[in-house]
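Below are the chains, spelled out letter by letter.
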Amino acid sequence: MTFTGAAQATPTPPPVGGDLMAVRGLVKPGGFKAPPKTKATSYVIADHETGQVLAAKDPHGRYRPASTLKMLTAATLITKLDKNLKVKPSRNAVNQEGSAVGLQSRPIYKVEDLFRALMMSSGNDAAMALAEANGGLAKTMSDMNAEAKRLQANDTVAKTPSGLDKPGQSSSAYDLALIARAGLSNPDFRRYVSTKTARFPAPKKWYEISNHNKLLWRYPGMIGVKNGWTSKAHSTFVGAATRNGQTIIVSIMKHEGYFWDEVADLLDWGFAARGKVTPVGQLVDPLPDEPVQQAAPAVTPDATPAPTREPMMDTAASEQTDSTRTTGSLVIGGALLFGLAWLGYGMYRRHRRL
């Protein structure tokens, strides 16, 4: 039976990274031991070099990212801001709620200091100060969401530069792994997230800040990247470690409880599985930059090319025709005859007076 006028369902686009990335449960390769158990609601284990997803659980499930969103803030702004630029944070930046590095409204901070505070101490005040340095909050959120689209992190919607919960803000374990992979390709990003301790400017001197990523001290080869927590997001974390020249990325979301040991176990599994299993998905590459096109001059259908400018005398001469030359000759000849006649008339009148 055929139904006419019925609405046709819009085809669902394939999930970014492969069909298995749409699975809400555990996705693991065959012929190899399963990944260790974790309380994380969602996670991804991926190979940094190849982008292969080795195992995952609900990879595209959308959850609150908490401070792991600061990875996107850094990845977006590092290439836009001069790291030696001095910044004076506003009162709004200084008074941001949640974790803070302790900024004061004084022009004593370089952009580089603020990136350290952002990625090491998870400073929400530093996140807002960087947004201000980039031209304001609205511009920065637009830039961050544009960068997420460029990376094909389509589950990610940024509403704050800090990751503080806000309605509509979301990400996924897949996207967090994608953003971490892109960030780690930048030497400055990699340096910020791997720094254990650093001196931070103060009005009179400096004080020391330390990285919140506990695995930097515990897990051999640990690079970074970022942890987060809010009461609604629960614990979120993205970590990357290198072993024998190979790097594994693990991202987890919505974990209730202590997760550090579980992440270490997931990293161990990733190193053991790398190169031995068929990947279940792929961390995609960023979209290519659109070529800059120069706008062609606007030409209307009736428009004709503008004539080449030449000296005025030459232009006037070139525009003369035979008719204009004849007319000109008649006018000049008539004027001469009129002048001779007038001269004769004047001489006649003078003769009569005499």
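On a predicted model such as this, the values are computed, not experimentally measured, just so you know. Starting afresh in each chain, residues are numbered from 1 along the sequence in its written order. With pLDDT at 70 or above as the cut-off, local features in this predicted model cover only qualifying residues; side-chain atom pairs require 80 or more to be listed or tallied, and sums for whole chains, interfaces and linings still use all residues. Computation of side-chain values covers all heavy atoms of the structure but excludes hydrogens and water.

Notes on the confidence of the model for the protein chain
Here is the rule we go by: Confidence scores here are pLDDT values: one per residue, from the predictor, ranging 0 to 100. By definition, residues are in contact when any of their heavy atoms lie within 4.5 Å.
Mean pLDDT for the protein chain: 86, with 79% of residues reaching 70 or above. A low-confidence stretch, residues 1-7 (pLDDT under 50), is modelled with zero contacts involving residues beyond four sequence positions or located in other chains.

Remarks on the side chain of Thr-230
Going by this rule: Helix numbering and strand numbering both begin at the N terminus, where a helix is a DSSP run of H or I of at least 4 residues and a strand a DSSP run of E of at least 2. By the criterion applied in these results, polar contacts are pairs of N or O atoms within 3.5 Å in which, for protein atoms, one can donate a hydrogen and the other can accept it, and in which residues neighboring in sequence qualify only through two side-chain atoms.
Along the polypeptide, Thr-230 turns up in strand E8 (residues 222-230). A distance of 2.7 Å separates the side chain of Thr-230 from the side chain of Asp-165, its partner in a polar contact. The contact partners of Thr-230, leaving out residues within four places of it in the chain, are Ala-66 and Asp-165.

Quick word on the environment of Ser-42
Among the structural elements, Ser-42 can be located in strand E2 (residues 42-47). Spatially, the C-alpha atoms of Ser-42 and Ala-173 are 6.2 Å apart, while their sequence positions differ by 131 residues. When sequence neighbours within four positions are dropped, the list of residues in contact with Ser-42 reads Lys-57, Asp-58, Pro-59, Tyr-63, Ala-173, Ser-251, Ile-252 and Met-253. Here the side chain of Ser-42 touches Asp-58 through a polar contact of 2.7 Å, landing on its backbone oxygen.

Considerations on unusual backbone geometry
Put simply, the test is: Exposure is judged per residue with a 1.4 Å probe applied to protein chains only, and the accessible area is read against the type maximum: over 50% gives exposed, under 20% gives buried, and values in between give partly exposed.
In this model, Gly-224 is joined to Val-225 through a cis peptide bond whose omega is 25°. Locating Val-225 in the fold gives a position in strand E8. With phi around 55°, Ala-66 is a residue other than glycine that occupies positive phi space. Looking at Ala-66, the relative accessible area reads 0%, which means it is buried. Phi is positive for His-234, which is not a glycine, with a value near 60°. Mapped onto the elements of the fold, His-234 is located in strand E9 (residues 234-243).

Some thoughts on the packing of helix H1 (residues 70-77) against helix H3 (residues 111-120)
Selection rule: As a rule, the C-alpha atoms of each element are fitted with a line to give its axis, helices using only the stretch in contact, and angles between N-to-C directions run from 0 to 180 degrees. Here the angle decides the label: under 35 degrees means roughly parallel, over 145 means roughly antiparallel, 65 to 115 means roughly perpendicular, and every other value means oblique. In a left-handed crossing the near helix is turned counterclockwise from the far helix by less than a right angle, and in a right-handed crossing that turn is clockwise. Here the nonpolar group is Ala, Val, Leu, Ile, Met, Phe, Trp, Tyr, Cys and Pro; Asp, Glu, Lys and Arg are the charged ones; every other residue, Gly included, is treated as polar.
Here H1 crosses H3 at 155°, and the two axes come no closer than 9 Å. Considered as vectors, H1 and H3 are oriented roughly antiparallel to each other. Crossing handedness for the pair H1 and H3: left-handed. Residues Lys-70, Met-71, Thr-73, Ala-74 and Leu-77 of H1 touch H3, and the partners they reach there are Phe-115, Leu-118 and Met-119. The residue inventory of the contact of H1 with H3, partitioned by class, reads six nonpolar, one polar and one charged.

Looking at the pattern of salt bridges
As a reminder of what qualifies: The salt bridge definition used is simple: a Lys or Arg side-chain nitrogen within 4 Å of an Asp or Glu carboxyl oxygen.
All chains considered together, the criterion is met by 12 salt bridges. When the shortest N-O distance is used, the salt bridge between Asp-155 and Arg-62 registers 3.6 Å. Of this pair, Asp-155 sits in the loop between helix H5 (137-151) and helix H6 (173-184) while Arg-62 sits in the loop between strand E3 (52-57) and H1, and the two are 93 residues apart along the sequence. The class for Arg-62 is partly exposed, based on a relative accessible area of 49%. Here Lys-83 and Asp-188 are joined by a salt bridge, their closest N and O atoms 3.6 Å apart. Pair noted here: Lys-83 is in the loop between H1 and strand E4 (86-87) and Asp-188 is in helix H7 (residues 187-194), with a separation of 105 residues, a long-range link. Classification of Lys-83 as partly exposed rests on a relative accessible area of 33%. The network of salt bridges with shared partners includes Lys-83, Glu-112, Asp-113, Arg-116, Asp-188 and Arg-191.

A short note on the nonpolar core
How we decide: Working definition of a nonpolar core: buried Ala, Val, Leu, Ile, Met, Phe, Trp, Tyr and Cys residues. They are joined through side-chain atoms within 4.5 Å.
Counting residues in each nonpolar core, the largest one holds 61 residues, and the members touching the most others are Met-71, Phe-115, Tyr-174 and Phe-189. For this core, the element with the highest residue contribution is H6, accounting for eight residues.

Quick notes on H7
Applied cut-off: The arc in question is the one traced by the directions running from the helix axis out to the C-beta atoms.
Those residues of H7 that fall on the buried side of the exposure criterion are Phe-189, Tyr-192 and Val-193. Across the axial projection of H7, the buried residues extend over an arc of 90°, all falling on one side. Between the side-chain oxygen of the N-cap and the backbone nitrogen of Asp-188 there are 2.9 Å, and the N-cap of H7 in question is Asn-186.

Considering the pairing of E9
Selection rule: Strands are labelled as partners when DSSP assigns at least two bridges between them.
Here E9 lies mainly inside the structure; seven of its 10 residues are buried. One ladder, built from eight bridges, connects E8 with E9; its direction is antiparallel. Each bridged residue has a counterpart across the sheet, and for Lys-226 the counterpart in E9 is Val-238. Here E8 folds back onto E9 in antiparallel fashion, the turn holding three residues. For E9 and strand E10 (residues 246-255), the ladder comprises eight bridges, and the chain directions are antiparallel. Its bridge partner being in E10, Thr-242 is matched across the sheet by Thr-247. Linking E9 back to E10 in an antiparallel pair, the connection comprises two residues, with Asn-244 at a positive phi of about 55°.

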